[in-house]
Amino acid sequence: MKKEVLTKKTLLSWLVLHRIYLGDETNAISTNLPLYFSLFKRSSTIRSKVNNLYKSLTYQGYLMPSYHHPQKPFTITMNGKEYLKVQCGEWKQVVDAHLICMDQTIQWCHTSTEERIKTSLTETDFPFIGQYLEYKKVLPFLIMKVLQGRSEACSASDLRQQLLKQFGWVCSMPTLTRLVEELVEGKELILINQQPDSKLYERGNGDATVFAQCRTESIAALKGGRKKLEEVRDYLREHDNIY
């Protein structure tokens, strides 16, 4: 059986299948999803996604039609139960790794030292961060902190690699470039080289109030993301070993 990478999409698929396994009526599943994970909001979009998942899960052999109850038109197959079990075990470890990453980053934001942290995430786990966390509220502060600890100027590309290496942050170059330019405008960073193809940046002597505000926003966003992870962790733990 193919093991799925943990993403918001695969988690939704797993959760829908699990709620069917537990006997939920299909017309209530999309409405009740936010009760389990605040990652998912009540909307017409989520209802459409859930309806499409019924077809997809049936096609994959995890569900089959049931005609015994009009509000429960599907029943889970043995393959579906195995899928629930395998992913639950796999994702518990992944979520724990994400929680460690969040804790390390929060701690790093609090400290005034330049000590580096080493993420326990694998490369395939990185993209999930941006799906449960408002990372655009975190990245400006991390960018300043990374540059604060460097004796040499670096490019936006170098910054992107450092964010990935240290924290597991996957950020597109257009987004990172925009954030860096905003920090330059606010004098938090200094543009050293004006050449378009080789712009280099270093930490500026910006307003200490701005730096402190960015730190506060960053920590608040990290804690918000951590809370969403805790919901996933607790749900997986609660329903482990029941298949």
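Before any of the text, the structure's been laid out above.
Residues numbered from 1 in each chain as written. Predicted model: local features only at pLDDT ≥ 70, side-chain atom pairs only at ≥ 80, totals over all residues. Heavy atoms only, no water.

## A look at the overall build of the protein chain
Put simply, the rule is: The helix and strand labels rest on DSSP assignments: H or I over at least four residues marks a helix, E over at least two residues marks a strand, and numbering proceeds from the N terminus. For this analysis, residues touch if any pair of their heavy atoms sits within 4.5 Å. Note on areas: Shrake-Rupley, 1.4 Å probe, and residue coverage restricted to the protein chains presented here. All tallies of charge rest on Lys and Arg as positive and Asp and Glu as negative; His and the ends of each chain are not included. Each charge is placed at NZ for Lys, CZ for Arg, CG for Asp and CD for Glu.
Helices and strands together make up the secondary structure of the protein chain, namely 9 helices and 4 strands. Shown N-terminal to C-terminal, the secondary structure of the protein chain runs as helices and strands in the order α-α-α-β-β-α-α-α-α-α-β-β-α. Along the longest, intermediate and shortest principal axes, the C-alpha atoms of the protein chain span 70 × 30 × 30 Å. Long-range contacts, defined here as pairs at least 24 residues apart, represent 66% of the contacts in the protein chain between residues at least 6 apart. In the form shown here, the protein chain has an accessible surface area of approximately 13,000 Å², with 49% of it arising from carbon and sulfur atoms. For the protein chain, the separation between the mean place of its 33 positive charges and that of its 27 negative charges on side chains is 5 Å.

## Some words on the nonpolar core
Using the following cut-off: We call a set of buried Ala, Val, Leu, Ile, Met, Phe, Trp, Tyr and Cys residues a nonpolar core when their side-chain atoms join them within 4.5 Å. Three labels apply to residues, based on accessible area from a 1.4 Å probe with only protein chains included: buried if under 20% of the type maximum, exposed if over 50%, partly exposed otherwise in between.
By size, the foremost hydrophobic cluster in this structure holds 71 residues, and its most contacted members are Ile143 and Trp169. At 13 residues, helix α4 (residues 78-110) tops the list of elements feeding residues into this core. When near neighbours in sequence (up to four residues on either side) are disregarded, Ile143 contacts Leu159, Leu163, Leu176, Leu179, Val180, Leu183 and Leu189.

## Regarding the side chain of Lys145
Test applied: Each polar contact in these results corresponds to two N or O atoms within 3.5 Å; when the atoms are within protein, one needs to be able to donate a hydrogen and the other to accept it, and residues that are neighboring in sequence are counted only if both atoms are side-chain atoms.
Mapping Lys145 onto the fold places it in helix α6 (residues 139-148). A residue is classified by how much of its surface remains accessible, and Lys145, at 3% relative accessible area, is buried. A polar contact of 3.4 Å, which involves the side chain of Lys145, links it to the backbone oxygen of Trp108.

## Quick notes on a positive patch on the surface
Rules: Surface patches are defined over residues having more than 30% relative accessible area and no salt bridge, joining like charges when they lie within 9 Å and nonpolar side chains (Val, Leu, Ile, Met, Phe, Trp, Tyr) when within 5 Å. One speaks of a salt bridge when a side-chain nitrogen belonging to Lys or Arg is within 4 Å of a carboxyl oxygen belonging to Asp or Glu.
Together, Lys8, Lys9, Lys41 and Lys49 give the surface a local cluster of positive charge. Note that Lys41 resides in the loop between α2 (26-36) and α3 (44-59). With a relative accessible area of 54%, Lys41 lands in the exposed category.

## Here we look at the packing of aromatic side chains
Filter applied, for reference: Pairing of aromatic rings covers Phe, Tyr and the six-membered ring of Trp, with a centre-to-centre limit of 6.5 Å; geometry is then stacked below 30 degrees between planes, edge-to-face above 60, and tilted otherwise. By definition here, charges over rings are those cases where NZ of Lys or CZ of Arg is within 6 Å of the ring centre and within 35 degrees of the ring normal.
Using the criterion set out here, one finds 9 aromatic pairs in the structure. Following the ring pairs from residue to residue traces out a cluster consisting of Trp14, Tyr36, Phe37, Phe40, Trp91 and Tyr235. Cation over ring: Lys145 sits above Trp108, and NZ or CZ is 4.7 Å from the ring centre.

## Concerning unusual backbone geometry
Located in the positive-phi region is Lys187, a residue other than glycine, with phi close to 65°. With respect to the secondary-structure elements, Lys187 resides in the loop between α8 (173-185) and β3 (189-191). The exposure class assigned to Lys187 is exposed, which follows from its relative accessible area of 60%.

## Observations regarding the packing of α6 against α8
This is how it is decided: Orientation is described by lines fitted to C-alpha atoms, with helices fitted over the stretch in contact, and by angles between N-to-C directions that extend from 0 to 180 degrees. Should an angle fall under 35 degrees it is taken as roughly parallel, and over 145 as roughly antiparallel, whereas 65 to 115 is taken as roughly perpendicular and any remaining angle as oblique. For this classification, the nonpolar set comprises Ala, Val, Leu, Ile, Met, Phe, Trp, Tyr, Cys and Pro, the charged set comprises Asp, Glu, Lys and Arg, and every other residue, Gly included, is treated as polar.
Between α6 and α8, the shortest axis-to-axis distance is 10 Å and the interhelical angle comes to 70°. Of the possible angle classes, the one that applies to α6 and α8 is roughly perpendicular. On the side of α6, the interface is formed by Leu139, Pro140, Ile143 and Met144, while α8 contributes Leu176, Leu179, Val180 and Leu183. Across the contact of α6 with α8, the residue classes break down as 8 nonpolar, no polar and no charged.

## So, the side chain of Arg233
Looking at where Arg233 falls in the secondary structure, it is placed in helix α9 (residues 208-238). Overall, the relative accessible area of 18% leaves Arg233 in the buried class. A polar contact of 3.0 Å, which involves the side chain of Arg233, links it to the side chain of Asp234. In contact with Arg233, other than residues within four places in its own chain, are Val95, Asp96 and Leu99.

## Here's the deal with the pattern of salt bridges
Using the criterion set out here, one finds 9 salt bridges in the structure. The partner of Asp240 in a salt bridge is Lys92, with the nearest N and O atoms 2.4 Å apart. Within this pair, whereas Asp240 is found in the segment after α9, its partner Lys92 is found in helix α4, the two being separated by 148 residues in sequence. A salt bridge links Glu230 to Arg226; the nearest nitrogen and oxygen atoms lie 2.3 Å apart. Of the two residues, Glu230 and Arg226 are both situated in helix α9; the distance of 4 residues between them amounts to about one turn of the helix. Its relative accessible area of 17% is what places Arg226 among the buried residues. Each of Asp103, Arg226 and Glu230 takes part in salt bridges that share partners, so that together they form one network.

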